[in-house]
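Working through the structure, step by step
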Amino acid sequence: MKVFIDPPNSLILFDIVERFGHEPLSAMAAIQEKIDNLEIDMPPMNVTLDDVVRGLKYAGVEVPSGIRGRMAMWGPMIEEADAAIIMDNAPYSFGCVGCERSNEMLKYLIKKRGIPKLHVAYPSNEEEAKNFVVSAKEFLEGLGK
Amino acid sequence: MSDERETRLLMISPSSMLTPDQLVRSVHAMNKDVKVKETCYGCLVEGRREVVKEVLDQIRGKYRNEVFSKRRAYPAGDPRRCRAQHGTRPGYSQLEAEWALLSNVQHGLECADRGEKVEPVPEKGLLPVREFKKICEE
């Protein structure tokens, strides 16, 4: 099954989802599309009108463009996902209007889709890491049953 | 999605005795048609998707909870990201933060392999007004 991970570029979540037999949906796959199928290799000129139109589905014209651009990349992945794992309070998941509002929008879209989801707290010690891994394992093994 | 190329980042846990050199030699010894680039945290493996998957499965079999991997969008040595060619490295801070966490995750995976269970954390409900008043008065 396809499992969306949040943060979308997390090494730990990507590895754990794959280790327990599912396909992680991550930012890296979406960015590789841009790199391998490039028409114009000159950022930001490689952001085409198609991306803007795709982003409009998730965020209106009054929303800052950073959010729309990010949702153009992540929105289709959420639509494709069968489940999601979200890591709460990760210290590297912070930001200003663009990043933070995009992160909140991601969580809202996942909730709106109604797919099975698991919220895990960012682990800061061994005990919390054990809780994190074991609960992720139980969630992933329970998918599709 | 590109089916031809897959680049994988293999990162070694800080509590492992494995070195990037040993990891690269293990990958080379598999004699698969992949490019390997040694890095400070492990290595990058690049090749056709199915071949890289075979390499990853063998690495996971050999170093089960010591090596973590994720997909990398940019090819190995891409000038837009390669440090030697003065590329920008926007994802490096996050990689560094996640690397610091890998020892704990390794411990978690070992506990999961042993079949240990955890107590589910009770969900925090809304605080009743009476409780809130009591806290304010104390």
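Bear in mind the structure is a predicted one, so any value in this text is a computation, not a measurement.

1. Some words on helix H4 (residues 65-80) of chain A
Residues and elements named next belong to chain A. Under the 1.5 Å per step criterion, the end-to-end length of H4 is 23 Å for 16 residues, consistent within 8% with the ideal 22 Å. Maximum bend of H4: about 40°, positioned at Ala-72, with proline Pro-76 one to four residues after it. Residues of H4 that are buried include every one of Ile-67, Arg-68, Met-71, Ala-72, Trp-74, Gly-75, Met-77 and Ile-78, and no others.

2. Considerations on the pattern of salt bridges
A full pass over the atoms with the stated rule returns 19 salt bridges over all chains. For B:Lys35, the salt bridge identified is with B:Glu46, shortest N-O distance 3.6 Å. Here the residue B:Lys35 occupies a position in strand S2 (residues 35-38), and B:Glu46 occupies one in strand S3 (residues 42-48), the gap between them amounting to eleven residues. Classification of B:Glu46 as buried rests on a relative accessible area of 9%. By sharing partners, the salt bridges in this structure join A:Asp15, A:Glu18, A:Arg19, B:Glu6, B:Arg8, B:Arg49 and B:Arg60 into a single network.

3. As for the interface of chain B and chain A
Counting residues at the interface gives 35 residues for chain B, matched by 33 residues for chain A. Summed over both partners, the interface of chain B with chain A comes to about 3,300 Å²; 59% of that surface belongs to carbon and sulfur atoms. Notably, a salt bridge pairs A:Glu18 with B:Arg8, separated by 2.5 Å at the nearest N-O pair. For the interface between chain B and chain A, the tally reads 16 residue pairs in polar contact (both at pLDDT 80 or more). When contributions to the side of chain B that touches chain A are tallied by element, the ones reaching two or more residues are strand S1 (5-12), helix H2 (49-62), strand S4 (67-72) and helix H3 (92-113) of chain B. If one sorts the elements of the side of chain B that touches chain A by residue count, H3(B) sits on top with twelve residues. Counted by class, the side of chain B that touches chain A contains 17 nonpolar, seven polar and eleven charged residues.

4. With respect to the environment of B:Cys111
Within the fold, B:Cys111 resides in helix H3. Judged by its relative accessible area of 2%, B:Cys111 is buried. Through-space distance from the C-alpha of B:Cys111 to that of B:Ala29 is 31 Å; in sequence the pair is 82 residues apart. Leaving out residues up to four positions away in the same chain, B:Cys111 has contacts with A:Lys130 and B:Glu116.

5. Let's talk about unusual backbone geometry
Following A:Asp6, the chain continues into A:Pro7 via a peptide bond in cis, with omega recorded as 5°. If you trace the backbone, A:Pro7 turns up in the loop between strand S1 (2-6) and helix H1 (11-19).

6. Digging into the environment of B:Ser15
Residues and elements named next belong to chain B. Along the chain, the position of Ser-15 falls in the loop between S1 and helix H1 (20-29). Along the primary structure Ser-15 and Gly-77 are separated by 62 residues, whereas in three dimensions their C-alpha atoms are 28 Å apart. What Ser-15 contacts, discounting residues up to four positions off in sequence, is Ser-103 and Gln-106. Within the local environment of Ser-15, its side chain forms a polar contact with the side chain of Gln-106, the two groups lying 2.7 Å apart.

7. Description of the sheet that holds S3(B)
If you walk across this open sheet you meet the four strands as S2-S3-S1-S4 (chain B), and the pairing is antiparallel. The open sheet terminates on both sides in strands that have one partner only, identified here as S2 and S4 of chain B. Put simply, the sheet's adjacent strands are angled 20° from each other on average, direction ignored. Contacts from helix H2 (residues 27-36) of chain A reach S1 and S4 of chain B within the one sheet, and its direction differs from that of S4(B) by about 40°. Sitting on the sheet, H2(B) is in contact with S1, S3 and S4 of chain B, with an inclination near 145° to S3(B).

8. Comments concerning the pairing of S1(A)
Here is the key point about a regular strand: its side chains alternate between the two faces of the sheet. All names here are of chain A. S1 sits mainly inside the fold: four of its five residues count as buried. Pairing of S1 with strand S2 (residues 23-25), which is carried by three bridges, proceeds in the parallel orientation. Counted as the bridge partner of Val-3 is Pro-24 from S2. Looking at chain direction, S1 and strand S3 (residues 83-88) are connected through four bridges and run parallel. Across the sheet, residue Asp-6 finds its bridge partner in S3, namely Ile-86.

The rules behind each value
Residues numbered from 1 in each chain as written. Chains lettered and ligands numbered in written order. Predicted model: local features only at pLDDT ≥ 70, side-chain atom pairs only at ≥ 80, totals over all residues. Heavy atoms only, no water. Helix = DSSP H or I, 4+ residues; strand = E, 2+ residues; numbered from the N terminus. Expected span 1.5 Å × (residues − 1). Bend = angle between axes of the 7 residues up to and from the residue. Buried < 20%, exposed > 50% of the residue type's maximum accessible area, 1.4 Å probe, protein only. Salt bridge = Lys/Arg side-chain N within 4 Å of Asp/Glu carboxyl O. Contact = heavy atoms within 4.5 Å. Buried area = accessible area lost by both parts, 1.4 Å probe. Polar contact = N/O pair within 3.5 Å; in protein donor to acceptor, adjacent residues only side chain to side chain. Nonpolar A, V, L, I, M, F, W, Y, C, P; charged D, E, K, R; others polar. Pairing = 2+ DSSP bridges. Axes fitted to C-alpha atoms, helices over the stretch in contact; angles between N-to-C directions.

Functional significance is not addressed by these values, which are geometric in nature.
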